[in-house]
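# Results of the structural survey
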Amino acid sequence: MGAEASGSGSALRELMREAETSLLECKVCFERFGHRQQRRPRNLPCGHVVCLACVAALAHPRTLALECPFCRRACRGCDTSDCMPVLHLLELLGSALRPASAAPRVAPSAPGAFTCHHAFGGWGTLVNPTGLALCPKTGRVVVVHDGKRRVKIFDSAGGCAHQFGEKGDAAQDIRYPLDVTVTNDCHVIVTDAGDRSIKVFDFFGQIKLVIGGQFSLPWGAETTPQNGVLVTDAEAGALHLLEIDFPEGVLRRTERLQAHLRQPREVAVSWLTGAIAVLEHPRALGTGACSTTVKVFSASMQLIGQVDAFGLSLFFSSEITASAVTFDHQGNVVVADTSSQAVLCLGKPEEFPVLKPIITHGLSHPVALTFTKENSLLVLDSAAHSIKVYKVDWG
């Protein structure tokens, strides 16, 4: 029986190695597909699959025209889409294919850790979601995604209450949403990478304002306690504060708070202290590899804490790739980690880093976080196309 089991295990490992080589590898650059931006598998219109980095390399810099490297069919880079079967296969086989030495050793959930109580959304309801926000007045959950209507609003039970933001090229349409925030008076702010603009809607989906021509690549968005809007510009390396007259639909003032950040994307603000956290995604020179740095500024924009991936690795046995950031009600910085598929509390900025895993299972690719008034933690899981609701389990 032992020899038979050993033979079966060997055959399974061989099958998985074959799957990794045949299905999970880009046949242009021979790099393994992954969830990170440059290695995401993309469908060409002809049906062949290559990684996003190869799409960018093959496409003409101005027209985006390219030829399939296999069948030579002409298409455009913007006509590609995520290959969901490959992404799902990565999720199914990922833990088995990962070398044992690289497997994250995450502490088991202790009493007081968060456990998943329910989830809503799912494939079809949401398609490749990228941003998550809560309406402060109504408690409704707002998500931006890749569906025909880019903004979807869920009620407290997880049902779809409303959706808007047509996919299209008109000024009021949303081409490629990256993040969303909801103001204190229920206006919805979307960062649109498609035309590099900020779009302001009322809660019913009527366009109020389009702010274009000021940003290289607007990415993260967050509302301040004073009802200002923080926006990161990933390409310009800047953090801006927008003051908007929402009833009139007028931009009153733009202030650049920081000008020398490295690929800033996600941003969060503490309603307890006014501190601002920014996630940087700098690329290493030569390799193009992307790491992450968490920087926290005081309300007066003084740097009060920072930690990069190397610093975190001193406290954590596996690679950490921060993909989302928020503050809890006590002012602790909380990040999502796509490498270990976990959510980690880093402590208060002045104590960085006091690393404590608070969610260690049940996630595939967390991309956004927010706390409710009742201290539930909402996690947007892009690979599962759903919002997962975690609550503290003191049992």
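What counts, and where the lines are drawn
Residues numbered from 1 in each chain as written. Predicted model: local features only at pLDDT ≥ 70, side-chain atom pairs only at ≥ 80, totals over all residues. Heavy atoms only, no water. UniProt positions renumbered as here; feature names shortened; annotations may be inferred. Pairing = 2+ DSSP bridges. Helix = DSSP H or I, 4+ residues; strand = E, 2+ residues; numbered from the N terminus. Axes fitted to C-alpha atoms, helices over the stretch in contact; angles between N-to-C directions. Buried < 20%, exposed > 50% of the residue type's maximum accessible area, 1.4 Å probe, protein only. Patch = residues over 30% accessible without salt bridge, like charges linked within 9 Å, V, L, I, M, F, W, Y side chains within 5 Å. Areas by Shrake-Rupley, 256 points an atom, 1.4 Å probe, with all protein chains shown as cover. Salt bridge = Lys/Arg side-chain N within 4 Å of Asp/Glu carboxyl O. Phe/Tyr/Trp six-rings, centres within 6.5 Å; stacked < 30°, edge-to-face > 60°. Lys NZ or Arg CZ within 6 Å of the ring centre and 35° of its normal.

The name an unreviewed UniProt entry gives the protein chain is E3 ubiquitin-protein ligase NHLRC1, with Catagonus wagneri as the organism. As stated in UniProt under Pathway (unreviewed entry), the record for the protein chain gives "Protein modification; protein ubiquitination."

## Brief notes about the pairing of strand 22 (residues 303-308)
For a regular strand, the rule is simple: side chains alternate between the two faces of the sheet. In the sheet, strand 21 (residues 293-297) pairs with strand 22 via five bridges, with the strands oriented antiparallel. What sits directly across from Val294, in strand 22, is Val307. From the end of strand 21 to the start of strand 22, which pair antiparallel, there are five residues, and Met301 there has a positive phi angle of about 70 degrees.

## Some thoughts on the sheet that holds strand 20 (residues 276-280)
Taken in spatial order, the four strands make up an open sheet running 19-20-21-22, and their pairing is antiparallel. Because the sheet does not close on itself, it has two edges, and the strands there are strand 19 (264-269) and strand 22. The mean inter-strand angle of the sheet, taken between neighbouring strand axes irrespective of direction, is 15 degrees.

## What to know about unusual backbone geometry
Where the residue is not glycine, phi is negative for most of them; where a peptide bond is considered, it is trans in most cases. Here Asn227, not a glycine, exhibits a phi torsion of approximately 70 degrees, which is positive. Mapped onto the elements, Asn227 comes out in the loop between strand 15 (218-223) and strand 16 (229-233). Residue Asn227 is classed as buried on the basis of its relative accessible area, which comes to 18%. For Met301, which is not a glycine, the phi torsion comes out positive at approximately 70 degrees.

## With respect to the UniProt feature "repeat: NHL" (unreviewed entry) in the protein chain
Per the UniProt annotation, the sites labelled "repeat: NHL" (unreviewed entry) are residues 113-157, 161-204, 248-300 and 361-393. Regarding residues 361-393, the helix share stands at 0% and the strand share at 55%, and the terminal C-alpha atoms are separated by 14 Å.

## Things to note about a nonpolar patch on the surface
On the surface, a cluster of nonpolar side chains totalling about 220 Å² of accessible area is made up of Val28, Leu58 and Phe70. Relative to the assigned elements, Val28 resides in the loop between helix 1 (2-22) and strand 1 (41-43). Taking relative accessible area as the criterion, Val28 reaches 30% and is therefore assigned partly exposed.

## A closer look at the packing of aromatic side chains
This structure, assessed with the given rule, holds three aromatic pairs. Ring centres of Phe114 and Phe371 lie 6.1 Å apart, and the angle between their planes is 65 degrees; on these two criteria the pair is classed as edge-to-face. Highlighted residues: Phe114 in strand 6 (residues 114-121) and Phe371 in strand 27 (residues 366-371), separated in sequence by 257 residues. A relative accessible area of 8% places Phe114 in the buried class. Ring centres of Phe164 and Phe201 lie 5.2 Å apart, and the angle between their planes is 50 degrees; on these two criteria the pair is classed as tilted. Here Phe201 lies in strand 13 (residues 197-201) and Phe164 lies in strand 10 (residues 160-166), a separation of 37 residues in the sequence. Here Phe164 falls in the buried class, since its relative accessible area comes to 6%. Classification of Phe201 as buried rests on a relative accessible area of 2%. Between the NZ or CZ atom of Arg265 and the centre of the ring of Trp219, over which it lies, the distance is 4.5 Å.

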